[in-house]
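Summary of structural features
The lines below spell out each chain.
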Amino acid sequence: MSEKCEAPVSGGGRSEVQADCANCFGLCCVALPFAASSGFAVDKPAGTPCGNLQTDFRCGIHSSLRERGFSGCTVFDCFGAGQKVSQTTYGGQDWRQAPHTARQMFDVFPVMRQLHELLWYLTESLALPQARTLHGELRRAFDDIDALTRSSAETLIGTDVAEIRHEISGLLLRVSELVRAEVPGRKKNHRGADLMGARLRGAALRGANLRGAYLIAADLKGADLRSADLIGVDFRDADLSGADLTGCLFLTQSQLNAAKGDAATKLPSGLSRPGHWSR
């Protein structure tokens, strides 16, 4: 899957949580299941290599994934978990060379992916001056999770990721509140809201809490999303054309890749304009 990442993330401080598919053994193409749908052209059970995976772990149809019905592949982001499992946990020994490691490796990958996602959010938080009063807690949390990602496969598989996510979620919420407190006026709270297909063109959502909101196919053209908390927002097929995402919180490349946009969409630092967006 070395070429599958549609839009690489750039920006200082995030190299460890940025996918490096060239150093991964195609884990997302094997370990994870997918079902025939609008995002995947065929069914594939977990632990079975995708039919498009080549012997060098590259995608054989990378240049035409969307056209061939595999848009879901272009949206997925492992946050660097793939190369961590491949090169650190298993020391560069791939599942083809050592088939006895395959099942365990495929079990470790989704755990590592969740831990790396948390590292992504913590890295972003540590770069926010508004959250400087929490930097000590954020650094300790980062160091603890980073150390965990370098532990044995057995330790990783036995990790209670749900508990860790719950603890980090509370810390990230405090970061969000500190940042959004600097936005003047009353901020909207749409946390977890069902806004699928909502008409929000030009909406004033600066500093809003949109955590976990469903914005599938929503019209957000020209919306002001500056400093909004977007962690976990479902942006599938949402139209972000001309929207301002400057300084928004906890947005990932995967969320952008799932959305629509154009050259006028203003992006936060460290994220790239997806190649399929209109120009």
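Note: the structure precedes this text.
Residues numbered from 1 in each chain as written. Predicted model: local features only at pLDDT ≥ 70, side-chain atom pairs only at ≥ 80, totals over all residues. Heavy atoms only, no water.

1. Regarding the overall build of the protein chain
We count it as follows: Secondary structure follows DSSP: runs of H or I at least 4 residues long count as helices, runs of E at least 2 residues long count as strands, and numbering of each begins at the N terminus. In this description the radius of gyration comes from C-alpha coordinates, and the expected globular size is given by 2.2 Å times residues to the power 0.38. Using a 1.4 Å probe on the protein chains alone, a residue whose accessible area is under 20% of its type maximum counts as buried, one over 50% counts as exposed, and one in between counts as partly exposed. By definition, residues are in contact when any of their heavy atoms lie within 4.5 Å.
Within the protein chain one finds seven helices and zero strands. Listing each helix as α and each strand as β along the protein chain from the N terminus yields α-α-α-α-α-α-α. On C-alpha atoms alone, the protein chain measures out to a radius of gyration of 19 Å, which is about the 19 Å that the 2.2 N^0.38 rule sets for 279 residues. Once the C-alpha set of the protein chain is aligned to its principal axes, its extents read approximately 60 × 45 × 30 Å. The buried share of the protein chain, reckoned over its 279 residues, is 54%. Long-range contacts, defined here as pairs at least 24 residues apart, represent 46% of the contacts in the protein chain between residues at least 6 apart.

2. Focus: the side chain of glutamine 255
Within the secondary structure, glutamine 255 is located in helix α7 (residues 253-258). The contacts of glutamine 255, once residues within four sequence positions are left out, are Leu230, Gly232, Val233, Phe235 and Phe250.

3. A short note on the state of the cysteines
What counts, and what does not: Disulfides are defined in this document as cysteine sulfur pairs within 2.5 Å.
Under the defined criterion, the tally for this structure stands at zero disulfides. Note on cysteine 28: no disulfide assigned, nearest cysteine sulfur contributed by cysteine 29 at a separation of 4.0 Å. On the basis of relative accessibility, which here comes to 13%, the residue cysteine 28 falls in the buried class.

4. Side note on helix α2 (residues 81-89)
Here α2 lies mainly inside the structure; seven of its nine residues are buried. For α2, every residue scored as buried is listed here: Ala81, Gly82, Gln83, Lys84, Val85, Ser86 and Thr89. Buried residues along α2 sit in contact with α3 (102-126), α4 (135-149) and α5 (153-157). In the segment just after α2, glycine 91 is the residue with positive phi, at about 55°.

5. Structural notes on the packing of aromatic side chains
So the rule is basically this: Pairs were defined over the aromatic rings of Phe, Tyr and Trp, the Trp ring being its six-membered one, requiring ring centres within 6.5 Å. Orientation was assigned from the angle between planes: stacked under 30 degrees, edge-to-face over 60, tilted for the rest. Charges are assigned to positions over rings by a cutoff of 6 Å between ring centre and Lys NZ or Arg CZ, combined with an angular limit of 35 degrees from the ring normal.
All told, the structure shown has eight aromatic pairs when counted by the stated rule. For the ring pair phenylalanine 25 and phenylalanine 57, a centre distance of 5.5 Å and an interplane angle of 45° mean the geometry is tilted. Within this pair, whereas phenylalanine 25 is found in the segment before α1 (71-75), its partner phenylalanine 57 is found in the segment before α1, the two being separated by 32 residues in sequence. Owing to a relative accessible area of 8%, phenylalanine 25 belongs among the buried residues under this scheme. Note on tyrosine 121 and phenylalanine 250: the rings are 5.7 Å apart at their centroids and 80° apart in plane angle, and the pair reads as edge-to-face. Of the two residues, tyrosine 121 sits in helix α3 while phenylalanine 250 sits in the loop between α6 (161-180) and α7, which places them 129 residues apart along the sequence. For the pair shown, tyrosine 121 and phenylalanine 250 are each scored as buried. Linked through ring pairs, Phe25, Phe57, Trp95 and Phe106 together constitute an aromatic cluster. The ring of phenylalanine 34 has lysine 44 sitting right over it, with the charged end atom 5.6 Å from the ring centre. Its end group placed over the ring of phenylalanine 142, arginine 139 keeps NZ or CZ at 5.2 Å from the ring centre.

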